[in-house]
Amino acid sequence: MASFNLMSRSTSMRWRLPLVCLLWEVAMIVLFGVFVRFNPEADAAGWMEEKYKKNITSDAENDFYFRYPSFQDVHVMIFVGFGFLMTFLQRYGFGAVGFNFLLAAFGIQWAILMQGWFHTFENGKILIGVESLIGADFCVGSVCIAFGALLGKVSPVQVLIMTLFQVTLFSVNEYILLDLLHVKDAGGSMTIHTFGAYFGLTVTAILYRPNLDSTKDKQSSSYYSDLFSMIGTLFLWMYWPSFNSAISNHGDAQHRAAINTYCSLAACVLTTVAFSSVLEKKGKLNMVHIQNATLAGGVAVGTAAEMMLTPYGSLIVGFICGIVSTVGFVFFTPFLESKLRIQDTCGIHNLHAMPGLIGGIVGAVTAAAATEGVYGTEGLILAFDFTGAYATRTPSVQGGFQAAGIAVSLGMALAGGAIVGGILKLPFFGDPPDENCFDDDVYWEVVEEGENQSSLYSMQNSNGKSVTNF
Amino acid sequence: MASFNLMSRSTSMRWRLPLVCLLWEVAMIVLFGVFVRFNPEADAAGWMEEKYKKNITSDAENDFYFRYPSFQDVHVMIFVGFGFLMTFLQRYGFGAVGFNFLLAAFGIQWAILMQGWFHTFENGKILIGVESLIGADFCVGSVCIAFGALLGKVSPVQVLIMTLFQVTLFSVNEYILLDLLHVKDAGGSMTIHTFGAYFGLTVTAILYRPNLDSTKDKQSSSYYSDLFSMIGTLFLWMYWPSFNSAISNHGDAQHRAAINTYCSLAACVLTTVAFSSVLEKKGKLNMVHIQNATLAGGVAVGTAAEMMLTPYGSLIVGFICGIVSTVGFVFFTPFLESKLRIQDTCGIHNLHAMPGLIGGIVGAVTAAAATEGVYGTEGLILAFDFTGAYATRTPSVQGGFQAAGIAVSLGMALAGGAIVGGILKLPFFGDPPDENCFDDDVYWEVVEEGENQSSLYSMQNSNGKSVTNF
Amino acid sequence: MASFNLMSRSTSMRWRLPLVCLLWEVAMIVLFGVFVRFNPEADAAGWMEEKYKKNITSDAENDFYFRYPSFQDVHVMIFVGFGFLMTFLQRYGFGAVGFNFLLAAFGIQWAILMQGWFHTFENGKILIGVESLIGADFCVGSVCIAFGALLGKVSPVQVLIMTLFQVTLFSVNEYILLDLLHVKDAGGSMTIHTFGAYFGLTVTAILYRPNLDSTKDKQSSSYYSDLFSMIGTLFLWMYWPSFNSAISNHGDAQHRAAINTYCSLAACVLTTVAFSSVLEKKGKLNMVHIQNATLAGGVAVGTAAEMMLTPYGSLIVGFICGIVSTVGFVFFTPFLESKLRIQDTCGIHNLHAMPGLIGGIVGAVTAAAATEGVYGTEGLILAFDFTGAYATRTPSVQGGFQAAGIAVSLGMALAGGAIVGGILKLPFFGDPPDENCFDDDVYWEVVEEGENQSSLYSMQNSNGKSVTNF
């Protein structure tokens, strides 16, 4: 406790965190007030007009019913999936779930604005609907990924600042890819995973902590923390078909994206188990691999799932990614830490960075290989939106642009991560000293087990009293 | 163990609990047999007729597809959401999840009957469909809320008796509001939260236990119990948009209600974190606030979410409620306990009572402010159901009735809670003595960690033997 | 650790498990490549054609939107539901969740092939869509059930071998029932539960371990493991209405199946609590019963839920099954173990076998009792598919065939289980010695609490080094 008191000035969040939260939330309210309105499908007068205008006879045509179930699955992935996945550390469960909750709650608001300005800005207003909510969750997903590399080493203020910048850069990168390069990336292999992971890895490299060995104990898991983490893993794994199909075209595209993702994920589990057993001592399985590498198959079909990747193509992608990701945990993570000074707490390089790159490549190849024979004449135009200015683009050209999208995402991530890492290095954000990393006690009221436990009420009472001393 | 034997006669549930469960379930079967039938959309012959009669060409028009995904989300909120939210106590996890399970399973049956008699009673039969299931879950939600105030201090028999009465009173109150006052309350700020919370607070006031200080240890959380509780928090938070939109009109209203709730909840997280940090020792965050106050934003747009509240209006409501709720945990809960003798285990006053009242007021104001310009002429009629006897009602009059709905809910809750509290005070329901409150050991077989553990099989074996001694 | 070293040769999975996983996954890829294609509703060209051909004007008619939300609920039941339900053992949580994950991920791939060959094989190709995914999850559900009897006593290689055979036999049995006998079993009382449970019980009988008493300690639960298990219970319980309605006819049948299941499950909770209290020492509740017997009501309406069972009929079925299942845990499980040498770790006889049989009988009776008065003339034909070769079948004849389906499922399970049990008894699959049963330490890297914990990184580092010694 003595050492804690010595550093308590620097890590105390009392004024910094509330100030950031309140000011930013007020800014959100003002910006939403100026800019954000319902799109016609969520608007009382608008939907009525829409139905007249487009001769719609059934409310079932409202986009809400095509996307809301998928949205809710994505929502669970962001908050429970990523949140609990990161609870594997024995003493950082509050920070994992809690800071992920905080960053995502702020991030979705800022993402609605940023993505809205780029995509649904009409007559000075951002018009939002269920697809905006999915888009915001997606954007925040990339921040959750980056946070995985930093887990346990940053203050909540740093997390919020990173979220502000990363959401901004994400939206710019997404605009370049989807609008300027006219790239397809419905499940975000490039925009979410590649971008998010390399962004986070760059930030953590810049925030390198040379003396982190002293916390080795806290960097391991406990039996129950591993089980909590599996809650996150499984919800991510189960709902990934919804993630990759959530914003695809209505009908066959959503249907196909779900099937492809389901297949890829299934194959990925088998190769993860195989390589975990081969590479671990005595052939035992390692929970770290099961928690993470089993998900790589979902990442790697993020771009191509809505295309005619075919079920066996998806199995092949999942097969490869389970291997790549597991091998990454065993060999690359230690290498990154010791040689490149990249301290990647959750191993996002293995789960998001490499599979994200693979996903971009798979998408480029699948797009380049598209033919009218497979998609039908109309189907091909619909699948790649070869209309308007892009009416003359061919699949092989599309493949080239897809590949360019990977490079752009990677470049934006490295450059953006370097800048934001530099900002986060500034000394007044209250990050914990090395010896207090990976420990909830720094930012959370933690009741010590075994010691004389004070009750909920008495804690509150003591607060009630201390208030007079403000 | 000695003290336990002394009071074992009084808390043993052996005959009381089975008797109540079996008799009531038999009553449910008889009443369902006499009254409950499928509505036409769930009936083999009925849906066929409906399609002919209304010229419906697609099964997609069946209400099932408009509401079932939302129903499932609501279902998760009631059983996992409320159940796990209450597992924060270090030694009352079984009671939290288990008794919540029991009360909800009984309550939904009784609610289908009560709500059916008031709302879908035709030719002597209650006709049920997916909306009835949502309604029943909603009704039971108000009991889960009230149970939160009593958590750890009542026997399962008391819980069931409270459920019986509260569901009955809920249905009467709901009938007064929705049918007599023609009030809109799709997400239940008034009918579910205000009613449920003040009902529960009144009951707990009447069941006041002066010597509860002796259990202070057990009233605190443990590290893992706080993580279990976050499972409940997050599922409530994530699915709240489904809760507030589940029974709104098809199309734009459901769409809008989900968006508004999403916004309000996001804002609420930021202000909760801000105030938790400001008010806690050394600026640390308190898990009690994160688990609870982050949800207040969902409660407070329960009435207005389906109206044209707008995204920024929702942010403002969430902003305020995060503050009100967190401040409530720090100042009001200790005050309520010490001055008003209200022992509110889960702090439902902060999460449901105050935000519920705010939600009622927000609803009244939003209704009163409705204009044809915003909703469209038809849209306004549709949104507030200004048809039939209510064809001439204006938005401002509607606002007045909405306000009256708050008062009626509050009155019903206080009066009903007083009566039911008096009933529960009767000495033969097996409630635990003060020193055994908040302890699963009273009503559950608990394997003691560390001591010589008997196996599943041996427990069952010993039961098998002891049966002969009945 | 000494005893561990002695037997480490036999239980090491290093080469056996990876070999099985990789070879089988390669086989899946080849077979998918040869056989599996998208059905028209998931195919870019196919859906476009389908819309022209059938004059479909809305994408909402794509089967994806009728079934995907239910599919996702079923998916959660298989992976989180069954996975976490089995975490009740104090030291077998990794195995419960992890091996369930592994078997299900392999099983769904093999099931898509097996069920595809029997059901959607056209012109040499298996055409898959969302219903195939549900079917695969259902098939794997029966393996999860069987695994419940073997939990803690088998190696992952044995689990995979059992999955291969059981999925095969499941598909044959399903084909006999659904196609040859033309039996209705949408929720799988016969095909999933009766078959899966008796298969698993037969296998465990053949793998009888006489000295399992030595692991009594490990066969009990701990406080937190019981809470983890409740996560599984509740997701199974909440989503069971989706399970029983997932592949029913569009419209009223799906609607009705959900309502009936909801009712049956609610009643089941009440009688489970009643009998748990009556039969336990001092009237306390036993978590084993709450975790399991509360689900029996869902099993027992698996066949009849989509029929006109009526809500009160469902309540009666749930009422009975809560009793049967709880009494089974108290009396039958010890009897099965001591007299019939059936060591049923999770008590699947009580949760799946008996309720499955009851479900088959309820289905037969409900089918036999069907009338045109209740279903309507067209409705009756639609509900039981009395078309083509079955145009002249009457409800009472249908009831007879339903009954025959129970007998076939039972026979297939017992015969298949005996053969597969014999195969699994072969000595080279690495099953644990009796004293190491129910212990994750055999197949998983487990960090010991309290002892000097090595960090995530150091574990990986040491692997990195040891690799050179391969």
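- An unreviewed UniProt entry lists chain A under the name Ammonium transporter Rh type C, from Eublepharis macularius.

**Quick look at the relation of the copies chain A and chain B**
- If you rotate chain A by 120 degrees and push it 0.0 Å along the axis, it lands on chain B with an RMSD of 0.0 Å. Look at the turn and shift together and you get a three-fold axis relating the two. Nearest to the rotation axis, the C-alpha of A:Pro69 is located 3.6 Å from it, this being the minimum over chain A.
- The share of interface residues of chain A whose copies in chain B are also at the interface is only 9%, consistent with the copies meeting through different surfaces.

**Side note on a nonpolar patch on the surface**
- Among the surface-exposed residues, A:Val26, A:Val30 and A:Val34 lie close enough to one another that they form a single nonpolar patch of about 230 Å² accessible area.
- One can find A:Val26 in helix H2 (residues 16–35).

**Focus on the UniProt feature "domain: Ammonium transporter AmtB-like" (unreviewed entry) in chain A**
- As annotated in UniProt, the feature "domain: Ammonium transporter AmtB-like" (unreviewed entry) corresponds to residues 59–426 of chain A in the numbering used here.
- In the segment residues 59–426 of chain A, helix accounts for 73% and strand for 2%; the C-alpha atoms at its two ends are 53 Å apart.

**A word on the interface of chain A and chain B**
- Between chain A and chain B, the residue contacts involve 92 residues of the former and 84 residues of the latter.
- Applying the counting criterion to the chain A and chain B interface returns 1 salt bridge.
- Across the pair A:Asp441 and B:Lys284 runs a salt bridge, and its minimum N-O distance is 3.8 Å.
- The tally of links between chain A and chain B comes to 26 residue pairs in polar contact (both at pLDDT 80 or more).
- A breakdown of the residues in the side of chain A that touches chain B according to their chemical character gives 57 nonpolar, 23 polar and 12 charged.

**Brief notes about the pairing of strand S3 (residues 125–128) of chain B**
All names here are of chain B.
- The pairing of strand S1 (residues 36–38) with S3 spans 3 bridges and is classified as parallel. Directly across from phenylalanine 38, in S3, lies its bridge partner isoleucine 128.
- Two elements, strand S2 (residues 121–122) and S3, share 2 bridges in a ladder whose sense is antiparallel. Bridging from a neighbouring strand, phenylalanine 121 pairs with isoleucine 126 of S3.
- Between S2 and S3, which pair antiparallel and follow one another directly, the connecting turn spans 2 residues, one of which, asparagine 123, has a positive phi of 50 degrees.

**Regarding the side chain of C:Ser222**
- Examined against the element boundaries, C:Ser222 turns out to sit in the loop between helix H8 (189–206) and helix H9 (223–245).
- Overall, the relative accessible area of 3% leaves C:Ser222 in the buried class.
- In terms of polar contacts, C:Ser222 uses its side chain to reach the side chain of A:Tyr224, at 2.8 Å.

**Topic: the packing of helix H7 (residues 156–180) of chain B against helix H17 (residues 395–424) of chain B**
Residues and elements named next belong to chain B.
- Here H7 crosses H17 at 155 degrees, and the two axes come no closer than 10 Å. In terms of orientation, H7 and H17 fall into the roughly antiparallel class. Regarding H7 and H17, the two cross each other, and that crossing is right-handed. Note on element contacts: H17 touches H7 through Gly405, Val408, Ser409, Met412, Gly416, Val420, Ile423 and Leu424, opposite Gln158, Ile161, Met162, Phe165, Leu169, Val172, Asn173, Ile176 and Leu177.

About the thresholds
Residues numbered from 1 in each chain as written. Chains lettered and ligands numbered in written order. Predicted model: local features only at pLDDT ≥ 70, side-chain atom pairs only at ≥ 80, totals over all residues. Heavy atoms only, no water. Least-squares fit on C-alpha atoms with pLDDT ≥ 70 in both. Contact = heavy atoms within 4.5 Å. Patch = residues over 30% accessible without salt bridge, like charges linked within 9 Å, V, L, I, M, F, W, Y side chains within 5 Å. Areas by Shrake-Rupley, 256 points an atom, 1.4 Å probe, with all protein chains shown as cover. Salt bridge = Lys/Arg side-chain N within 4 Å of Asp/Glu carboxyl O. Helix = DSSP H or I, 4+ residues; strand = E, 2+ residues; numbered from the N terminus. UniProt positions renumbered as here; feature names shortened; annotations may be inferred. Polar contact = N/O pair within 3.5 Å; in protein donor to acceptor, adjacent residues only side chain to side chain. Nonpolar A, V, L, I, M, F, W, Y, C, P; charged D, E, K, R; others polar. Pairing = 2+ DSSP bridges. Buried < 20%, exposed > 50% of the residue type's maximum accessible area, 1.4 Å probe, protein only. Axes fitted to C-alpha atoms, helices over the stretch in contact; angles between N-to-C directions. Parallel < 35°, antiparallel > 145°, perpendicular 65-115°, else oblique. Left-handed = near helix turned anticlockwise from the far one by under 90°.

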